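Descriptive analysis of the structure
Chain by chain, the residues:
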There are 2 protein chains.
Amino acid sequence: MKLGTLKDGTRDGKLVVVSRDLTKAVAAQDIAPTLQRALDDWKSAEPALRALAERLEKGSAPTAFAFDPTKMMAPLPRAYQWIDGSVFKNHGELMKKAFDTENKVSFPEDRPMMYQGASDEFIGPTDDFVTVEEAWGIDFEAEVGVITGEVAMQTPPDKAGAAIRLVMLMNDWSLRNLIMEELSRMFGFMQSKPASACSPLAVTPDELGPAWKDWMVHLPLRVQFNGSPFGRANAGVGAAFNFSHLISHATRTRNLVAGSIIGSGTVSNADRETGSSCIAERRAMERIEHGAPRTPFMKFGDRVRIEALDAAGRSVFGAIDQKCSALARRV
Amino acid sequence: MKLGTLKDGTRDGKLVVVSRDLTKAVAAQDIAPTLQRALDDWKSAEPALRALAERLEKGSAPTAFAFDPTKMMAPLPRAYQWIDGSVFKNHGELMKKAFDTENKVSFPEDRPMMYQGASDEFIGPTDDFVTVEEAWGIDFEAEVGVITGEVAMQTPPDKAGAAIRLVMLMNDWSLRNLIMEELSRMFGFMQSKPASACSPLAVTPDELGPAWKDWMVHLPLRVQFNGSPFGRANAGVGAAFNFSHLISHATRTRNLVAGSIIGSGTVSNADRETGSSCIAERRAMERIEHGAPRTPFMKFGDRVRIEALDAAGRSVFGAIDQKCSALARRV
């Protein structure tokens, strides 16, 4: 089942079910007005939403309309919880080299690296990323995110994965030139990680078929930068921890509410042929190969597109396709 | 005007208006079912809520009932945004001494220290703080929090304070023995800062009278630990930055949604006579005076009470009064 949130002028948008081929959508307001409400009452909402999805596939949903990704918000336009991990070892190693933090940042073997993100705003899949200064080092990060139900404190790693309700793609916008100054003060990311964007669709794990295995998405994330291929790292390859580990780790000292979003961190494979899921990684590789980075960070007007296709070549989550643009200054 | 959220079995509770003397309450469901909804539509909700508060004061609100703090949730039991600052210089200095981070953590002069907190759960004022291990170094932190309306990216420090809708007290529960391990990995606080608690009432700034000045609460926070006085640091004394600075800083790279909570950090005065707003500070002072800390962190069953009285001795926000208790293990 594929779910999304339609722009309707409200902060939380309107919950819709979308067909497997991404051509049709139908509003689910009789079941739940918003995705958060459906997640709050998943036990009763899920079967009703699945029944609606089935009617949509069969062409027997009379109020169906054409699906248009530009009309979509993030599945949860504002959420209560967002914790991002960093499970791809190759990304961690390259970032250490990129930022000269070899001796400062250590990725432990026995537990995942995670940071508390800001959940108050998730940008729609085709909406601009608006920021202030190109000099801040604007970068994208292609990753996978899961949306959970309620998870109790101290849920073990072999049980936490069962709380995953939906899977989506994310673009974790990063301001590279603000990161080291923030991290060096030891209070974590704040200004350097502004609002992330999400794919138009959040899908139930079964929708992924065999590509959902061991609590991970075993598909390449196709990243295009200004229309050119940039990366196709597989989100199921090279991860030190999976989503069940991440969720369990997040519950060590707290409960998670329904609608919590947990991220994998930038998807990255050791195989250089797969390219990169963020500019900073490519710059790190250039630094290793040529002594200095060659690819600049994003300029206003640059575009990034992130998508995952299944074995049959169909888009699973729809595409994140965003332009980076300058904040219009108030006079 | 004093607002609060009554337990009603739902996740967001029910919005109530409470009388100035904390004896009576009245449900505001005809205006907004929850505090978040009122904040989402503050322009129309505020005058209606003020009119209801006036009727309550005059005794002409027929559905009024007795106010009972034990029936209250946090004003926003789950919120979209929580960013905590650390503006009290004395706290920063003592924490550096307590944790041997003199050379690692630097508090800059030109901008406030802030970290991205988890907003998905705020504990009710008299509900237990539930955690797993005493060995984690359980500690309270008495501070002031403000709840904002929407704030646009890049709002300057002289304008950001105008977005403050409500003021409350907070207990930023901290697991001291998990902090340094987390901070040393440079990804900020995650497991070491579980859910915070809030006072039963969030009040409009005008409710504070002359105690609201320069975007700060000029009242002592009375902290009692197991029934004994522990601290009475004034939340208007010794701060390097005020709430307008904090909000502005938070908007450097992002918008803030309505219902964002911004914290001052542990209130702390240089005057040792005022005691401490957290155990870690007292331990730091003991270390300075005696070479080693003497006061242990909290044990299960310990209680902390945090309250602020106005010049006339009336409780402004009601009291946070919590017991620390052990998580009941599932079998």
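Residues numbered from 1 in each chain as written. Chains lettered and ligands numbered in written order. Predicted model: local features only at pLDDT ≥ 70, side-chain atom pairs only at ≥ 80, totals over all residues. Heavy atoms only, no water.

1. Here's the deal with the overall build of chain A
Tallying secondary structure elements over chain A gives seven helices and 22 strands in all. Principal-axis analysis of the C-alpha atoms gives chain A an extent of 60 × 45 × 45 Å. Per-residue burial for chain A yields a buried fraction of 61% across its 331 residues. Side-chain charges of chain A comprise 40 positive and 42 negative groups, with the mean position of each set lying 1 Å from the other. (Helix = DSSP H or I, 4+ residues; strand = E, 2+ residues; numbered from the N terminus. Buried < 20%, exposed > 50% of the residue type's maximum accessible area, 1.4 Å probe, protein only. Lys, Arg positive; Asp, Glu negative; His and termini not counted. Charge placed at Lys NZ, Arg CZ, Asp CG, Glu CD.)

2. Observations concerning the relation of the copies chain A and chain B
The two copies are related by a screw operation: chain A maps onto chain B through 180° of rotation and 0.0 Å of translation along the axis, at an RMSD of 0.0 Å. Such a combination of turn and shift is consistent with a two-fold rotation axis. Of every C-alpha in chain A, the one belonging to Gly188 of chain A sits nearest the axis of rotation, 1.8 Å from it. (Least-squares fit on C-alpha atoms with pLDDT ≥ 70 in both.)

3. Section: helix 5 (residues 176–184) of chain B
Residue and element names in this part refer to chain B. Those residues of helix 5 that fall on the buried side of the exposure criterion are Arg176, Leu178, Ile179, Glu182 and Leu183. An end-on view of helix 5 places all buried positions within 140° of arc, on one side of the element. Of the surrounding secondary structure, the elements contacted by the buried residues of helix 5 are helix 3 (89–98), strand 10 (138–139), strand 13 (174–175) and helix 7 (279–290). Downstream of helix 5 by one or two residues, Met186 has phi in the positive range, about 75°. (Arc of directions from axis to C-beta. Contact = heavy atoms within 4.5 Å.)

4. Some details on the interface of chain A and chain B
Contact with chain A, which involves 62 residues of that partner, is made by 62 residues of chain B. Counting each side, the surface lost to burial between chain A and chain B is near 5,700 Å², with a carbon and sulfur contribution of 52%. Contact with chain B buries surface across chain A, with Tyr80, Met186 and Phe187 of chain A losing the most and accounting together for 17% of the total. Our count for the chain A to chain B interface comes out at eight salt bridges. Across the chain A-chain B interface, the total number found is 25 residue pairs in polar contact (both at pLDDT 80 or more). With five residues, helix 5 (residues 176–184) of chain A is the largest single contributor of residues to the side of chain A that touches chain B. (Buried area = accessible area lost by both parts, 1.4 Å probe. Salt bridge = Lys/Arg side-chain N within 4 Å of Asp/Glu carboxyl O. Polar contact = N/O pair within 3.5 Å; in protein donor to acceptor, adjacent residues only side chain to side chain.)

5. Some remarks on unusual backbone geometry
It is generally the case that most residues other than glycine have a negative phi and that most peptide bonds are trans. All names here are of chain A. Phi at Trp215 is positive, roughly 60°, even though this residue is not glycine. Positionally, Trp215 belongs in the loop between strand 16 (212–213) and strand 17 (216–217). Of note, the phi angle at Asn226 is positive, near 50°, even though the residue is not glycine. Of note, Asn226 is situated in the loop between strand 18 (222–225) and strand 19 (228–231).

6. Focus on the pairing of strand 2 (residues 14–18) of chain B
Residue and element names in this part refer to chain B. For strand 2, the buried fraction is high: four of the five residues fall into the buried class. The sheet contact formed by strand 1 (residues 2–6) and strand 2 spans five bridges and is antiparallel. If you follow Lys2 over to strand 2, its bridge partner there is Val18. Here strand 2 runs beside strand 3 (residues 24–27); their pairing, made up of three bridges, is antiparallel. (Pairing = 2+ DSSP bridges.)

7. Overview of the domain arrangement of chain A
Residue and element names in this part refer to chain A. Per the domain assignment, the segments making up chain A are domain 1 (2–71) and domain 2 (74–326). If you look at the interface, domain 1 gives 19 residues, while domain 2 gives 25 residues. Each partner contributes to the roughly 2,000 Å² buried at the junction of domain 1 and domain 2, and carbon and sulfur atoms together form 57% of this total. It is Lys2, Gln36 and Leu39 in domain 1 that bury the most area against domain 2; as a group they hold 29% of the surface buried on that side. Close ionic contact of Asp12 with Arg78 constitutes a salt bridge, the shortest N to O distance being 2.9 Å. Looking at the side of domain 1 that touches domain 2, the elements that each hand over two or more residues are strand 1 (2–6), helix 1 (35–40) and helix 2 (42–58). (Domains from an automatic or database assignment.)

8. Quick notes on the packing of aromatic side chains
The description of an aromatic ring pair rests on the distance of the ring centres and on the angle between the ring planes. Per the counting criterion, the structure on display carries 19 aromatic pairs over all chains. Look at Phe140 of chain A and Phe225 of chain A: their rings are 5.7 Å apart centre to centre, the planes differ by 45°, and that puts the pair in the tilted class. Of the two residues, Phe140 of chain A sits in the loop between strand 10 (138–139) and strand 11 (142–148) while Phe225 of chain A sits in strand 18, which places them 85 residues apart along the sequence. The same class applies to Phe140 of chain A as to Phe225 of chain A, namely buried. Each member of the aromatic cluster is reached from another via a ring pair, and the members are Tyr115 and Phe189 of chain A together with Phe187 of chain B. Here the guanidinium or amino end of Lys193 of chain B rests over the ring plane of Phe189 of chain B, the centre of that ring lying 5.3 Å away. (Phe/Tyr/Trp six-rings, centres within 6.5 Å; stacked < 30°, edge-to-face > 60°. Lys NZ or Arg CZ within 6 Å of the ring centre and 35° of its normal.)

9. Quick notes on the side chain of Lys193 of chain B
Checked against the element boundaries, Lys193 of chain B lands in the loop between helix 5 and strand 14 (196–198). Residue classification places Lys193 of chain B among the buried residues on the basis of a relative accessible area of 9%. A polar side-chain atom of Lys193 of chain B sits 2.8 Å from a polar atom in the side chain of Ser174 of chain B. When neighbours within four sequence positions are excluded, Lys193 of chain B is seen to be in contact with Arg254 of chain A together with Tyr115, Glu141, Asp172, Trp173 and Ser174 of chain B.

10. A word on the sheet that holds strand 22 (residues 320–326) of chain B
Residue and element names in this part refer to chain B. The mixed open sheet is built from five strands, whose spatial order is 9-22-21-18-19. The outermost strands of the open sheet, each flanked by one partner alone, are strand 9 (129–131) and strand 19 (228–231). Direction aside, the axes of adjacent strands within the sheet are offset by 25° on average. In this sheet, strand 19 lies alongside strand 18 (residues 222–225) in antiparallel orientation, the contact comprising three bridges. Its bridge partner lying in strand 19, Val223 is registered against Gly231. (Axes fitted to C-alpha atoms, helices over the stretch in contact; angles between N-to-C directions.)

11. Observations concerning the pattern of salt bridges
All names here are of chain B. For the structure shown, the criterion picks out 47 salt bridges over all chains. The salt bridge involving Glu207 is made with Arg20; its shortest N-O contact spans 2.9 Å. Of this pair, Glu207 sits in the loop between strand 15 (202–203) and strand 16 (212–213) while Arg20 sits in the loop between strand 2 and strand 3, and the two are 187 residues apart along the sequence. Linking Glu181 and Arg185 is a salt bridge whose minimum nitrogen-to-oxygen distance equals 2.7 Å.

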